[in-house]
Amino acid sequence: MRASQVKFGDRLMSEEGGSGQLVVQVSTLGDEIRMSHPGGQTRLEGDPLVRVLRRKPRVVVEDDMPATIWRPLGPRRTQPWEGSDT
């Protein structure tokens, strides 16, 4: 992907193909892109191609979720500013 598409949480890949540093901040200054990570900072000129690992967002199906422990204890009370039906 292009360096301008790298975002927080991506992991830069090393030249050997192993996972490298976790990107914690991406900023641009003119034609330079800076990627901060625990090992320091990577500066790139222009918008070169870079190799990153990106986690895919996990989709949670409602059926997979545990039953909630919160449940209404009775009928909903009408608040004073809502008026009353009686």
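Scroll up to find the structure.
The paragraphs below set out a description of the structure included in this document. (Residues numbered from 1 in each chain as written. Predicted model: local features only at pLDDT ≥ 70, side-chain atom pairs only at ≥ 80, totals over all residues. Heavy atoms only, no water.)

This paragraph deals with the overall build of the protein. A count of helices and strands for the protein gives 0 helices and 6 strands. Going from N to C terminus, the protein has its helices and strands arranged as β-β-β-β-β-β. Per-residue burial over the protein gives 15% buried out of 86 residues. Within the protein, contacts between residues separated by at least 24 positions form 39% of all contacts whose residues are at least 6 apart in sequence. Total accessible area on the protein stands at roughly 7,700 Å², and carbon and sulfur atoms take up 52% of it. (Helix = DSSP H or I, 4+ residues; strand = E, 2+ residues; numbered from the N terminus. Buried < 20%, exposed > 50% of the residue type's maximum accessible area, 1.4 Å probe, protein only. Contact = heavy atoms within 4.5 Å. Areas by Shrake-Rupley, 256 points an atom, 1.4 Å probe, with all protein chains shown as cover.)

Right, let's talk about the pattern of salt bridges for a bit. Per the stated rule, a full pass over the model turns up 2 salt bridges. Salt-bridge contacts for Asp-10 lead to Arg-54; the nearest nitrogen and oxygen are separated by 2.8 Å. In this pair, Asp-10 sits in the segment before strand S1 (11–13) while Arg-54 sits in the segment after strand S6 (52–53), placing the two residues 44 residues apart along the sequence. Glu-32 is paired through a salt bridge with Arg-34; the nearest N and O atoms lie 2.7 Å apart. (Salt bridge = Lys/Arg side-chain N within 4 Å of Asp/Glu carboxyl O.)

So, on to the pairing of strand S5 (residues 40–45). Two strands pair when backbone bridges link them, and strand S4 (residues 32–37) and S5 are joined in this way by 6 bridges, in the antiparallel orientation. Paired with Ile-33 across the two strands is Leu-44, which belongs to S5. The antiparallel pairing of S4 with S5 creates a hairpin that spans 2 residues between the two strands. (Pairing = 2+ DSSP bridges.)

Attention now moves to the pairing of strand S3 (residues 25–29). Sheet topology note: the S3/S4 ladder contains 5 bridges and is antiparallel. Counted as the bridge partner of Leu-29 is Glu-32 from S4. Between S3 and S4, which pair antiparallel and follow one another directly, the connecting turn spans 2 residues, one of which, Gly-30, has a positive phi of 65°.

Looking at where His-37 falls in the secondary structure, it is placed in strand S4. In this structure His-37 comes out as buried when scored by relative accessible area, which is 11%. Here Thr-42 takes part through its side chain, which lies 2.8 Å from a polar atom of the side chain of His-37. Among all residues touching His-37, those that are not within four sequence positions of it are Leu-12, Gln-21, Leu-22, Val-23, Val-24 and Thr-42. (Polar contact = N/O pair within 3.5 Å; in protein donor to acceptor, adjacent residues only side chain to side chain.)

Here the focus is a nonpolar patch on the surface. Judged by side-chain polarity, Phe-8, Leu-22 and Val-24 come together as a nonpolar surface patch covering roughly 290 Å² of accessible area. Looking at the element boundaries, Val-24 is found in the loop between strand S2 (19–22) and S3. (Patch = residues over 30% accessible without salt bridge, like charges linked within 9 Å, V, L, I, M, F, W, Y side chains within 5 Å.)

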